[in-house]
Amino acid sequence: MSKVKKKKPNLVRILTKSIMIILGGLIAAYGLEAVLIPNEVSDGGVTGLSIVGSKLFGLPLGVLIGILNIPFVWLGYKQIGKSFAVYSVVGIASLAVGTVLMHHIPTIIHGDTLLVTVVGGIILGFGMGLALRNGGALDGIDMLAVLLSKKLPFGTSDLILFLNLFVFIVVSTVFGLQGAFLSGIAYFIASKVIHIVEEGLSGSKTFKIITLEPEVLVETIRDRLGRSATYNEAYGGYTKEKFIEVTCVINRLEESKMKEIIQEIDPGAFVTVYDVAEVKGGNFRKRDIH
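From a predicted model like this one, the values you see are computed outputs, not experimental measurements.

A. Structural context of the sheet that holds strand β1 (residues 204-211). Pairing within the open sheet is antiparallel, and its four strands lie in the order β2-β3-β1-β4. Across the chains shown, the open sheet's two edge strands, defined by having one partner strand only, are β2 (230-235) and β4 (270-276). For this sheet the average axis-to-axis angle between neighbouring strands, irrespective of direction, equals 25°. Sheet topology places β1 next to β4; seven bridges connect them, and they run antiparallel. Paired with lysine 208 across the two strands is threonine 272, which belongs to β4. Of the strands in this sheet, β1, β2 and β3 (242-251) touch helix α9 (residues 214-225), which is tilted by about 10° from β3. Sheet contacts for helix α10 (residues 255-265): β1, β3 and β4; angle to β1, the most-contacted strand, approximately 5°.

Here's what the structure looks like:
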């Protein structure tokens, strides 16, 4: 049996990812120091706890971010891998240093609570999403949630929510109940921006279509959308009847056109649609339809 040779890491790729993670950390630090913290709004996770500790004990925020994230980086190393842990160290260090360097920069928004949460959440989410997209993390609470999900009968997302509820209760002791609510809103906005930065604005969708007209459908999809498709054999669980299932991956902008095509070719087709986080390899490139 032939062994698969392990490729050596590409130095340029590693350097590029590291630079993007550092940039993400600095952007997140700017969101904290120029928008959120001066308006008594916090973040979730370890960063939120660090902000509370900084306010209570007068310690530099960057120092607390670095110290409190150490056990979580270790969890990331054990649960996810060495490269993730190393990239996370780079990201957390850049966030910590960034908060120190930007501690006295002018606040860009004053008083308007809605604007503070929206702008602060967007900037923070963009920075964190940039780090995650390039293989690192700026906060360790997600790593703890992954570990707990393996030992408790709860999903990772449920545990992240529970852990952050605890964080915002702690935040309320320093910033008050209003500050805790605003922090929760900013965190929610940041989480949505992280999702967009990780997956892109357009994203992709997979259509699985069981139809009586597979050849005509695939040809029409190719002609009108410039997309290819694959065939799979499917069998009815009750009737044992054989069907052809057509699978096609498109971007979100093509979704309505795809539904129009299906409705036109076979209105009775059985269709399931899935969100796709990432598409790589194969022949996903769109053909010219003009």
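B. Structural context of the nonpolar core. Core analysis: the largest hydrophobic core is formed by 40 residues, its most contacted members being Leu32, Leu36, Leu95 and Leu124. At the level of elements, α1 (11-36), α2 (45-57), α3 (61-68), α5 (82-101), α6 (113-133), α7 (141-149) and α8 (156-199) are the ones that each hand at least two residues to this core. Looking at which element gives the most residues to this core, the answer is α8, with eleven residues. Residues within four places of leucine 32 in sequence aside, it is in contact with Ile37, Pro38, Asp43, Thr47, Ile51, Leu95, Thr99 and Leu124. Phe207, Ile209, Ile221 and Ile261 belong to the second largest nonpolar core, which has 15 residues in total.

C. Region of the structure containing the pattern of salt bridges. One pass over the full model with this rule turns up six salt bridges. Between glutamate 260 and lysine 257 there is a salt bridge; the shortest N-O distance is 3.9 Å. Within this pair, glutamate 260 and its partner lysine 257 are both found in helix α10, separated by three residues, close to a single helical turn. For glutamate 260, a relative accessible area of 47% corresponds to the partly exposed category.

Criteria and cut-off values
- Residues numbered from 1 in each chain as written.
- Predicted model: local features only at pLDDT ≥ 70, side-chain atom pairs only at ≥ 80, totals over all residues.
- Heavy atoms only, no water.
- Pairing = 2+ DSSP bridges.
- Helix = DSSP H or I, 4+ residues; strand = E, 2+ residues; numbered from the N terminus.
- Axes fitted to C-alpha atoms, helices over the stretch in contact; angles between N-to-C directions.
- Contact = heavy atoms within 4.5 Å.
- Core = buried A, V, L, I, M, F, W, Y, C linked by side-chain atoms within 4.5 Å.
- Buried < 20%, exposed > 50% of the residue type's maximum accessible area, 1.4 Å probe, protein only.
- Salt bridge = Lys/Arg side-chain N within 4 Å of Asp/Glu carboxyl O.

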